[in-house]
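Take a look at the letters that make up each chain.
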Amino acid sequence: MENALWEFLLEKEYKKIKLKLTKTNHFEVKATINGVKGLFILDTGASNSCVGFNAIALFNLKAKASDIKAAGAGATDMLTQTASKNTIKIGTWKKTNVTLVLFDLTHVNTALTMHNAKPVNGIIGADILKKGNAIIDYNKKYLYLKTL
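What you see as residue numbers is a count from 1 along each chain, following the sequence as written. Confidence filtering applies because this is a predicted model: local features only for residues at pLDDT of at least 70, side-chain atom pairs given and counted only at 80 or more, and all residues used for totals across whole chains, interfaces and linings. In computing side-chain values, all of the structure's heavy atoms are included and hydrogens and water are not.

## Let's talk about the packing of aromatic side chains
Okay, so step 1: We call Phe, Tyr and Trp rings a pair once their centres come within 6.5 Å, taking the six-membered ring for Trp, and we label the pair stacked below 30 degrees between planes, edge-to-face above 60, and tilted otherwise. Enumeration according to the criterion identifies four aromatic pairs in this entry.
Okay, so step 2: When the ring of W6 is compared with that of Y144, the centres are 5.6 Å apart and the planes differ by 25°; the resulting orientation is stacked. Remark: Y144 occurs in strand 11 (residues 142-146) and W6 occurs in helix 1 (residues 4-11); sequence separation between them is 138 residues.
Okay, so step 3: Working rule: Lys NZ or Arg CZ, within 6 Å of ring centre, within 35 degrees of ring normal, means a charge sits over the ring. Over the aromatic face of Y142 sits the side chain of K16, whose NZ or CZ is 4.3 Å from the ring centroid.
Okay, so step 4: We note K18 situated over the ring of Y142; from NZ or CZ to the ring centre the distance is 4.5 Å. Strands here mean DSSP runs of E at least two residues long; helices mean DSSP runs of H or I at least four residues long; both are numbered from the N terminus.

Pasting the structure below:
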C-alpha cells in the first residue's frame, strides 16, 4: 500500500520530484531554467512562477516591462517585469514557452536567511503546477508532474 500512489501516478506518466522541507516550513525544489540550475520555493498560493531581478542574467532571461504589480509575503505594489519563451525543467518534467514574472525577491530571501534557510532564485507557482497537473505528497515530500 505504501507505494500505491507512486505506482498509480507512474502508470499515468507522471514524473516524481523530491521536495525538501526548509526550516521555514516551505518546500524547496531544484529547477532548471533555460539550462541553468536554481533553487526555488514551491508556493501553491503564488499565482505565477517568479524569478528575482538579480537572477535575470543567470537564467538568460529577456526581461520586458510589465504593468503588473506583485504582492505577497508582506510586500505590496512591487514593480515587475516579465520574461517569455523560457524552458523550465523540474526533475525530468519539462515545459517550454513559459512566461515568468520577475521582481525583487529581497524580502523573501531576507526572511529565509533570518531563519537559517537558503536564499532562493525564485518561486514555482500555481501556473506551473497547473500546467503539470501537479499532485503534492506532503507526507512523503514528493511533487508529481505530468506533461499534458
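Having seen the model, we can carry on.
## Observations regarding unusual backbone geometry
Okay, so step 1: A positive phi angle is found at N97, which is not glycine, with a value near 60°.
Okay, so step 2: Among the secondary structure elements, N97 is positioned in strand 8 (residues 93-103).
Okay, so step 3: Each residue is placed in one exposure class: buried if its accessible area under a 1.4 Å probe, protein chains only, is under 20% of its type's maximum, exposed if it is over 50%, and partly exposed if it falls in between. Taking relative accessible area as the criterion, N97 reaches 55% and is therefore assigned exposed.
Okay, so step 4: One non-glycine residue, K141, adopts positive backbone phi at about 65°.

## Notes on the environment of N34
Okay, so step 1: Inspection of the secondary structure assignment puts N34 in the loop between strand 3 (27-33) and strand 4 (36-42).
Okay, so step 2: It is 5.1 Å that separates the C-alpha atoms of N34 and T87, two residues lying 53 residues apart in sequence.
Okay, so step 3: Every residue pair with non-hydrogen atoms within 4.5 Å of one another is taken to be in contact. Ignoring sequence-local partners within four residues, the contact set of N34 consists of F59, N60, L61, N86 and T87.
Okay, so step 4: Nitrogen and oxygen atoms within 3.5 Å of one another constitute a polar contact, given that in protein one can donate a hydrogen and the other can accept it, and given that sequence-neighbouring residues count only through two side-chain atoms. One polar contact links the side chain of N34 to the main-chain carbonyl oxygen of F59, over a distance of 2.9 Å.

## Comments concerning the confidence of the model for the protein
Okay, so step 1: Overall, the prediction assigns the protein a mean pLDDT of 89, with 90% of residues at 70 or greater.
Okay, so step 2: For every residue, the predictor states its confidence as a pLDDT score lying anywhere from 0 to 100. Within the protein, no element has a lower average pLDDT than strand 6 (residues 63-72), which sits at 67, and none a higher one than strand 4, at 98.

## Quick notes on helix 2 (residues 106-114)
Three or four residues apart is the spacing at which side chains of an α-helix point the same way, because the helix has 3.6 residues per turn.
Okay, so step 1: V108, N109 and L112 are the residues of helix 2 that are buried. The arc that holds the buried residues of helix 2, viewed along the axis, is 90°, so those residues lie on one side.
Okay, so step 2: Close packing links the buried residues of helix 2 with strand 4. The arc in question is the one spanned by the directions pointing from the helix axis to the C-beta atoms.

## Remarks on the sheet that holds strand 11
Okay, so step 1: Strand pairing is defined by DSSP finding a minimum of two bridges between the two strands. Taken in spatial order, the three strands line up as 1-11-10 in an open sheet, and their pairing is antiparallel. Of all strands in the sheet, those with a lone pairing partner are strand 1 (14-18) and strand 10 (135-137), marking the two edges. Taking the axes of each pair of neighbouring strands and ignoring which way they run, one obtains an average angle of 25° across the sheet.
Okay, so step 2: As defined by bridge partners, strand 10 adjoins strand 11 across three bridges and the pair is classed as antiparallel. When the bridges of strand 11 are listed, I135 appears paired with Y144.
Okay, so step 3: Running over the sheet, helix 1 touches strand 1, strand 10 and strand 11 and is turned about 135° from strand 1. An axis is simply a line fitted to the C-alpha atoms; with a helix, the fit covers only the stretch in contact. Between two such axes, the angle follows the N-to-C directions and lies from 0 to 180 degrees.

## As for the pairing of strand 11
Okay, so step 1: As defined by bridge partners, strand 1 adjoins strand 11 across five bridges and the pair is classed as antiparallel. Of the residues in strand 11, the one forming a bridge with I17 is L143.
Okay, so step 2: In this antiparallel pair of consecutive strands, strand 10 and strand 11, the connection spans four residues, and K141 shows a positive phi of 65°.

## Quick look at the environment of I17
Okay, so step 1: Within the secondary structure, I17 is located in strand 1.
Okay, so step 2: I17 gets classed as buried once you look at its relative accessible area, which sits at 5%.
Okay, so step 3: Residues I17 and Y144, spaced 127 residues apart in sequence, show a C-alpha to C-alpha distance of 6.1 Å.
Okay, so step 4: Those residues in contact with I17, other than ones at most four positions away along the chain, are V29, I90, G91, K141, Y142, L143 and L145.

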